[in-house]
Amino acid sequence: IKKYLSGIGTSYLKSNGVDLSVGDDCAILAAKSKLLISTDTSIVDVHFLKSMPSDAIAYRSVAVALSDIAAMGGNTVAFNLSLVMPYFNPGWMKAFRKGLQKISKEFKLPLIGGDLVKGPLQVSVTVLGKPEKKILLRSNAQPGDILCLSGALGFGYIGLKEYKRHGELNIKTKPYLFPSAQIDYGRMIASTASSAIDISDGIIQDLSHLISSSGVGCNLDLDRVPLANKNYAKQCLEFGDDYHLLFTVPPKRLLALQVKLKSCKKKCHTIGVMGGKKLILKN
């Protein structure tokens, strides 16, 4: 643990309010406000392939957890990691550490605790974040709100399909091997959006969660949902693993948000309207 899971993101400890990180029984955070906390567990051959390079496994495992912070409009603070592996492989661990360092640097995110256990390969990550003035929830969508999407779906599916075929990192496989947590996007929409959720399980399933939490239905226009490849439309809609944000915006505030996002070269796809009591799919 000391050799491979320490010293990651230490330059961000002070600025992120961490008084003590790896090296004692617990980390210490000097929290002066609410904290966002989420845990994700990634299991070999369920959430990632055994054949994947370990730097991608590390990066992906943290990014998946960070996507929950993005969905609530939060800023990153720190993360804990528990690694279960069948046997110790120094080369594998060295590359795994590089993956952690990569995402740590990208999000200014220190690793403040770790555990290493023998068993079937899996990675559990707990992320901590701080909310903006307003915390985005799944439960506040209102009738008449516009349903929006941060980007095209299906790149996760296409990436996995391509990796199984060629087993290498390239422009097609990168979205699956190294998915992007939409932290900046989430912060930008936090003050305007009424509700949000990340797309990890496919748009229909995740939209159903938002509908259930908010108690309001939705008319979803499938033809307006941007897809990575229309030849695989069903898979792009159902596979998940895209980690884009699905969110609702009051109609009067939509144009201002679109202008704001466009100025930062980010897209805002309008794909439906909240209303009624159930999900209605329109083609």
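All residue numbers here refer to positions counted from 1 along the written sequence of the relevant chain. Residue-level local features of this predicted model are given only where pLDDT is at least 70; pairs of side-chain atoms are given and counted only at 80 or more, and the full residue set underlies all totals for whole chains, interfaces and linings. Values reported for side chains reflect all heavy atoms of the structure, with hydrogen atoms and water molecules removed beforehand.

A.B. asks: Can you walk me through the packing of aromatic side chains in this structure?
C.D. replies: Aromatic ring pairs are reported here in terms of the distance separating the ring centres and the angle at which the planes meet. Note on aromatic contacts: the rings of Phe and Tyr and the six-membered ring of Trp form a pair at centre separations within 6.5 Å, being stacked when their planes are under 30 degrees apart, edge-to-face when over 60 apart, and tilted otherwise. Within this structure, the stated rule accounts for six aromatic pairs. Here Tyr157 and Tyr232 contribute two aromatic rings whose centre-to-centre distance is 5.9 Å and whose plane-to-plane angle is 55°, an arrangement assigned as tilted. One end of the pair, Tyr157, is in helix H3 (residues 155-166); the other, Tyr232, is in the loop between strand S9 (218-221) and helix H7 (233-238), with 75 residues separating them in the sequence. Think of it in three bands: residues with accessible area under 20% of the maximum for their type are buried, residues over 50% are exposed, and the middle band is partly exposed, with areas taken using a 1.4 Å probe on protein chains only. The class of Tyr157 is buried, set by a relative accessible area of 16%. On the basis of relative accessibility, which here comes to 26%, the residue Tyr232 falls in the partly exposed class. An aromatic cluster of at least three residues, connected via ring pairs, comprises Tyr157, Tyr232 and Phe239. We call a charge positioned above a ring when the Lys NZ or Arg CZ atom is no farther than 6 Å from the ring centre and deviates by at most 35 degrees from the ring normal. Stacked on the ring of Tyr176, the Lys or Arg Arg60 has its end atom at 4.1 Å from the ring centre. Across the ring face of Phe178, the terminal group of Lys102 is positioned such that the distance to the ring centre comes to 5.8 Å. Helix and strand definitions here come from DSSP, where helices need a minimum of 4 consecutive H or I residues and strands a minimum of 2 consecutive E residues; each element is numbered from the N-terminal end.

A.B. asks: Can you walk me through the side chain of Ser61 in this structure?
C.D. replies: Its location among the elements puts Ser61 in helix H1 (residues 54-71). On the basis of relative accessibility, which here comes to 1%, the residue Ser61 falls in the buried class. Contacts are assigned to residue pairs that have any heavy atoms within 4.5 Å of one another. Apart from the residues lying within four places of it in its own chain, the contact partners of Ser61 are Ser42, Val123 and Val125.

A.B. asks: What's the story with unusual backbone geometry in this structure? I'm lost.
C.D. replies: Most of the time, phi is negative for any residue but glycine, and the peptide bond is trans. One non-glycine residue, Asp241, lies in the positive phi region at around 60°. Mapped onto the secondary structure, Asp241 falls in the loop between H7 and strand S10 (245-249). The residue Lys265 is not glycine, and still its phi comes out positive at about 60°. If you trace the backbone, Lys265 turns up in the loop between helix H8 (251-263) and strand S11 (269-274).

A.B. asks: Would you take a moment to explain the sheet that holds strand S5 (residues 111-118) for this structure?
C.D. replies: Note: strands within a sheet are paired through backbone hydrogen bonds, in either parallel or antiparallel orientation. Note on pairing: DSSP must find at least two bridges between two strands before they are called paired. An order of S3-S6-S4-S5 is seen for the four strands of this open sheet, with the pairing classed as mixed. At either margin of the open sheet sits one strand with a lone partner, and together these are strand S3 (36-43) and S5. Averaged over neighbouring strand pairs, the angle between their axes works out to 15° when direction is ignored. To obtain each axis, a line is fitted to C-alpha atoms, and for helices this fit is confined to the stretch in contact; angles are then taken between N-to-C directions over 0 to 180 degrees. Sheet strands touched by H1: S3, strand S4 (74-85) and strand S6 (122-131). Its angle to S6, the strand with the most contacts, is close to 35°.

By themselves these figures say nothing about function.
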